[in-house]
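Examining the three-dimensional arrangement
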Amino acid sequence: MIEMKHTALPWKVVSEPHFDNGNVYTSIQPVNVDAEGMKPLAMMNGEFHVCRMSHSDAPWRFNYHRANAEFIALACNSHYRLFDALKSIEEEIFAKGAPLGCETYFKIRELALLRNGDTNG
């Protein structure tokens, strides 16, 4: 059985008009494109899309889809760092039986920064 892997991170949100009628596509795209490995994501215009969120000329719909796309990209881009930080906290608290010390405080602070959109940490 072949193990399916997701598209390499990081991802970015792109909103661009693609038609003369004013419609705008909001999509999530890989930052680093591997054209050979990402063939299933290839669009006719040469772009590579993880997913396409909207096709609309209505500003309220565009804003809604853009916000969803940004949330999805942030969550995916932060996933592995958050997982590693939580795993480390769990090990410190439960496996070692250590009280919450400075090291744990900084890990929790890092999670809070990520929650507020800081993915550069």
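One can find the structure itself at the top, above this paragraph.
We now turn to the structure provided with this report.

Reading guide: rules and limits
Residues numbered from 1 in each chain as written. Predicted model: local features only at pLDDT ≥ 70, side-chain atom pairs only at ≥ 80, totals over all residues. Heavy atoms only, no water. Helix = DSSP H or I, 4+ residues; strand = E, 2+ residues; numbered from the N terminus. Core = buried A, V, L, I, M, F, W, Y, C linked by side-chain atoms within 4.5 Å. Buried < 20%, exposed > 50% of the residue type's maximum accessible area, 1.4 Å probe, protein only. Contact = heavy atoms within 4.5 Å. Salt bridge = Lys/Arg side-chain N within 4 Å of Asp/Glu carboxyl O.

Points about unusual backbone geometry
Omega for the peptide link from Leu-9 to Pro-10 comes to 0°, which places this bond in the cis form. Tracing the sequence through the fold places Pro-10 in the segment before β1 (11–17).

Examining the nonpolar core
Within the largest apolar cluster, 6 residues are counted, these being Trp-11, Val-13, Ile-28, Met-53, Ala-69 and Ala-73. Beyond its immediate chain neighbours, meaning those up to four positions away, Val-13 contacts Thr-26, Ser-27, Arg-66, Ala-69, Glu-70 and Ala-73.

Remarks on the side chain of Ser-27
Tracing the backbone through its elements, the reader meets Ser-27 in strand β2 (residues 24–30). Excluding residues within four positions of it along the chain, Ser-27 makes contact with Lys-12, Val-13, Val-14, His-49, Cys-51, Arg-52 and Met-53.

Section: the environment of Glu-110
Counting through the fold element by element, Glu-110 comes out in helix α2 (residues 102–115). On a C-alpha basis, the gap between Glu-110 and Leu-82 in space is 8.8 Å, while along the polypeptide they are 28 residues apart.

A short note on the pattern of salt bridges
Within this structure, the stated rule accounts for 2 salt bridges. In this structure, Lys-39 and Glu-36 form a salt bridge, with 3.3 Å as the shortest nitrogen-oxygen distance. Assigned by exposure class, Lys-39 and Glu-36 land together as exposed. Measuring nitrogen to oxygen at the nearest pair gives 2.7 Å for the salt bridge that ties Glu-70 to Arg-66. Taken together, the positions of Glu-70 and Arg-66, both in helix α1 (residues 59–95) and 4 residues apart, correspond to about one turn of that helix. Assessed through its relative accessible area of 40%, Glu-70 is described here as partly exposed.

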